[in-house]
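Listed below, chain by chain, are the residues.
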Amino acid sequence: MNSVQLFDIIFYVLAATVLASASIVVFSRNIVYAAFSLLFTLFGVAGLYVLLNADFLAITQLMVYVGGILVLILFGVMLTNKVVSVDIKTGTLQVVPAAILVVLTAGILCSIILATHWLGAGTTDFLVVKTTAPKIGEALITTHMLLFEVASVVLLVAIIGAAMIARREKTQ
Amino acid sequence: MDQFLQSIFGDSILTQLLLGVLPLVFVLVYALVTLYSEMKIAAHIQDRLAYMRTGWHGVLQPFADMLKLLQKEDIIPTAADKLLFILAPYVVFIGTYAAFAVLPFSSAYAGSSLDLGLFYIIAVSAVVVVGILMAGWASNNKWSLFGAIRSASQIISYEIPAALAVLAVVMITGTMNMNEITKFQAGGIQNWLIFGGPLPLGHKLFLLPVMIVLALIYYVCSMAEVNRTPFDIPEAESELVQGYNTEYTGMKFAIFYLAEYANLFVVSAIAVVLFFGGWSSPFGSFMSGPIWDLFWFTFKGMLLVFVNVWLRWTLPRLRVDQLMYVSWKVLVPFALVCVVLVGAIMVL
């Protein structure tokens, strides 16, 4: 079994996992199942990143989405009273604006994908490309310095806001 | 190790599978040893004897326990969510076992010498949180749910100071590859990062107190992350019966326990790699080599596991508010100050 075949097998297994679990997220009538199957979707996407030599992005995906956002969603779902008995409507609303948005997003994504010069594109040998972390780090504090700082300020504002909301009011 | 297995089985997928399964063998043996020694240490701390009847000083007891758990009836509560109930123990174990992929057991064996090893270990531990929440919710039991929520909030809170401590070490070594961090500290006990690493004497003197504080912060956080006393609020027996795994029996319960013990070793091993020289020998080149490296790594790891067991049977449990206080108002500020100090010392 050569590495190209192996690459294809792994890719299709991951893609099937992502698609299957993502369709559960969208179509399941049980909100808890939807939340938990996100775990497999996010994991599968992280696997695809690894397959595309984007090691830093893959681990960040796990860290941010599984460790942060998914746990937050689960907390939200679990602390909501009578989760299972709530009847979630899964109808389609606003078809035309949704379709326009979807097409626009897909168009933007495709144009970015085509315009980007990919590091290590086309190689199926996992060992050729070394870690991408130093390059990402350098780019973040040189070319994208402003965006990096803006993001950190936004996060700081969010933290302060969260602390303000969570703070217990002093009782008179 | 890779070459050795390749010479036997050839360059096939079997070689890779065997390389991946090796830590599992370690986990199983280690769990039996720790199960036995934890009970024995606990008993001696409390002036008891523990197992004395099964074999010499009860050494066969873990095997008996294992056989008992294998035979036990596997009960799934009727009110439980069957699918998630069955899935949860495996998700927890997968999250724990995934961390073993990057642990450098010896200079000759590390599952994967990943360049982002430390980052990876911190990230995959998040999967455990999801598994615990899954177990707690699927059990349809108030104790389980409370245990799961407490456990998740605790692990998330203590990940922050732990990650800051890790960050400080990465700032010194300049790499997140666990093998490279170990090699950085080679050459004897004086080069371990807890003693300031192999830096010029001036740097070392300034780093020494900072590193000791960082090691302490990391160790406290690691205790919280494995849900053990004084941070065993998620399974506080007197309040919550057993926490998120209350409803589990038989092999599923055993898998949770296996995962907990495996996680205990993972966090100890990370501490060993970060502060205590990893697999490198404390005597420089004396007693080093692949087999000795394995011995040193396991020995240091087990020593930290022992300290954890020792503390478990010595300290009382924290309250929930004290838990959050320790994390957010004590550990995080100290860790931040340490990170800034390490940065300043490294720039000088």
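Just so we're clear, the structure is a prediction, and the values are computed from it rather than from any experiment. (Residues numbered from 1 in each chain as written. Chains lettered and ligands numbered in written order. Predicted model: local features only at pLDDT ≥ 70, side-chain atom pairs only at ≥ 80, totals over all residues.)

Regarding the overall build of chain B
What counts, and what does not: Counting from the N terminus, the helices are the DSSP runs of H or I reaching at least four residues and the strands are the DSSP runs of E reaching at least two. Taken over C-alpha atoms, the radius of gyration is set against a globule rule of 2.2 Å times the number of residues to the power 0.38. Burial in this document is a count-based property: other C-beta atoms within 10 Å of a residue's C-beta are tallied, and the residue is buried at 20 or more, exposed at 12 or fewer, or partly exposed in between, with C-beta positions derived from the backbone. Residue pairs are scored as contacts if the distance between their C-beta atoms, which are placed from the backbone, is within 7 Å.
Along chain B, the regular secondary structure elements total 12 helices and 2 strands. Starting at the N terminus and ending at the C terminus, chain B contains elements arranged as α-α-α-α-β-β-α-α-α-α-α-α-α-α. Whereas a compact globule of 348 residues would reach a radius of gyration of roughly 20 Å, chain B reaches 21 Å, a difference of no more than 12%. For chain B, the C-alpha atoms occupy an extent of roughly 65 × 55 × 40 Å along the three principal directions. In chain B, which comprises 348 residues, the proportion classed as buried is 46%. Long-range pairs, those at least 24 residues apart, make up 74% of the contacts in chain B with a sequence separation of at least 6.

Focus: the overall build of chain A
For chain A, the count of helices and strands is 6 helices and 0 strands. N-terminal to C-terminal, the α/β element order of chain A is α-α-α-α-α-α. Taking all 172 residues of chain A together, the buried fraction comes to 15%. Within chain A, contacts between residues separated by at least 24 positions form 54% of all contacts whose residues are at least 6 apart in sequence.

Looking at the environment of B:L315
Residue and element names in this part refer to chain B. Mapped onto the fold, L315 is located in the loop between α11 (290–312) and α12 (320–347). Between the C-alpha atoms of L315 and I233, which are 82 residues apart in sequence, the distance is 13 Å. Residues contacting L315, with those up to four places away along its chain left out, are T229 and P230.

A short note on unusual backbone geometry
All names here are of chain B. Unlike most non-glycine residues, D47 shows phi in positive territory, near 60°. Checked against the element boundaries, D47 lands in the loop between α2 (13–45) and α3 (61–71). Even without glycine at this site, N140 takes up a positive phi of about 55°.

Details of the interface of chain B and chain A
Basically, it comes down to this: Gly is placed with the polar residues, together with every amino acid not listed as nonpolar (Ala, Val, Leu, Ile, Met, Phe, Trp, Tyr, Cys and Pro) or charged (Asp, Glu, Lys and Arg).
Facing 20 residues of chain B, the contacting portion of chain A comprises 18 residues. Among the elements of the structure, α5 (117–138) and α6 (142–173) of chain B are those that each provide at least two residues to the side of chain B that touches chain A. Here the side of chain B that touches chain A gets 12 residues from one element, more than from any other, and that element is α5(B). Of the residues that constitute the side of chain B that touches chain A, the class distribution is 19 nonpolar, no polar and 1 charged.

So, helix α4 (residues 82–99) of chain B
Count 3.6 residues to each turn of an α-helix, and residues three or four apart come out pointing the same way. Convention followed: Fitting one axis to the seven residues ending at a residue and another to the seven starting there, the bend at that residue is the angle between the two axes.
B:A88 marks the point of greatest bend in α4(B), at about 30°, and the proline B:P89 comes within the next four residues. Among all positions of α4(B), only B:L84, B:F85, B:A88, B:P89, B:V91, B:V92, B:F93, B:G95, B:T96 and B:A99 are buried.

Comments concerning the nonpolar core
Condition: As used here, a nonpolar core is made of buried Ala, Val, Leu, Ile, Met, Phe, Trp, Tyr and Cys residues. They are joined through C-beta atoms within 7 Å.
In terms of nonpolar packing, the biggest core is built from 120 residues, with A:L62, B:V130, B:M134, B:A165, B:A271 and B:L274 touching the most fellow members. No other element matches the 18 residues that α5(B) contributes to this core. Excluding its chain neighbours within four sequence positions, the residues that come into contact with A:L62 are A:A46, A:G67, B:A123, B:V124 and B:A126.

Quick word on α5(B)
All names here are of chain B. Under the convention used in this document: Helices are assigned an expected span. That span is 1.5 Å times one less than the residue count.
The terminal C-alpha atoms of α5 lie 32 Å apart, and with 22 residues this matches the ideal 32 Å at 1.5 Å per residue to within 8%. Of all 22 residues that make up α5, 22 are buried, and the element is covered over most of its length. N140 occupies a position one or two residues after α5 and carries a positive phi of about 55°.

Remarks on the packing of helix α8 (residues 201–225) of chain B against α12(B)
Residues and elements named next belong to chain B. The criterion, for reference: The axes used here are C-alpha line fits, helices contributing only the stretch in contact, and every angle between their N-to-C directions lies in the interval 0 to 180 degrees. Each angle is binned into one of four classes, with values under 35 degrees roughly parallel, values over 145 roughly antiparallel, values of 65 to 115 roughly perpendicular, and all other values oblique. Crossing handedness follows the turn of the near helix against the far one: under a right angle anticlockwise gives a left-handed crossing, and clockwise gives a right-handed one.
With their axes 10 Å apart at the nearest point, α8 and α12 run at an angle of 150° to one another. Taken together, the axis directions place α8 and α12 in an arrangement best described as roughly antiparallel. Where α8 crosses over α12, the handedness of that crossing is left-handed. Mapping the contact onto sequence places H203, F206, L207, V210, V213, L214, I217, V220 and C221 in α8 and L331, F334, A335, C338, L341, V342 and I345 in α12. Classifying every residue of the contact of α8 with α12 by side-chain character gives 15 nonpolar, 1 polar and no charged.

A short note on the packing of helix α10 (residues 250–275) of chain B against α11(B)
Residues and elements named next belong to chain B. Here α10 crosses α11 at 115°, and the two axes come no closer than 8 Å. Note that α10 runs across α11; the crossing there is right-handed. In contact with L264, F265, S268, A269, A271 and V272 of α10, α11 contributes F297, K300, G301, L304, V305 and N308. Residue classes in the contact of α10 with α11 are distributed as 8 nonpolar, 3 polar and 1 charged.

What about the environment of B:A50?
Residues and elements named next belong to chain B. By the element assignment, A50 lies in the loop between α2 and α3. Placed 11 residues apart in sequence, A50 and M39 show a C-alpha to C-alpha distance of 6.7 Å. Discounting residues that sit within four places of it in the chain, A50 has contacts with M39, K40, A43 and G58.

Remarks on the confidence of the model for chain B
For any part of a model where pLDDT is low, the fine detail of the predicted coordinates should not be relied upon. The test is simple: Per-residue confidence from the predictor is given as pLDDT, running between 0 and 100.
When the pLDDT values of chain B are averaged, the result is 83; 96% of them are 70 or greater. Here the predicted complex scores 0.84 on pTM and 0.77 on ipTM.

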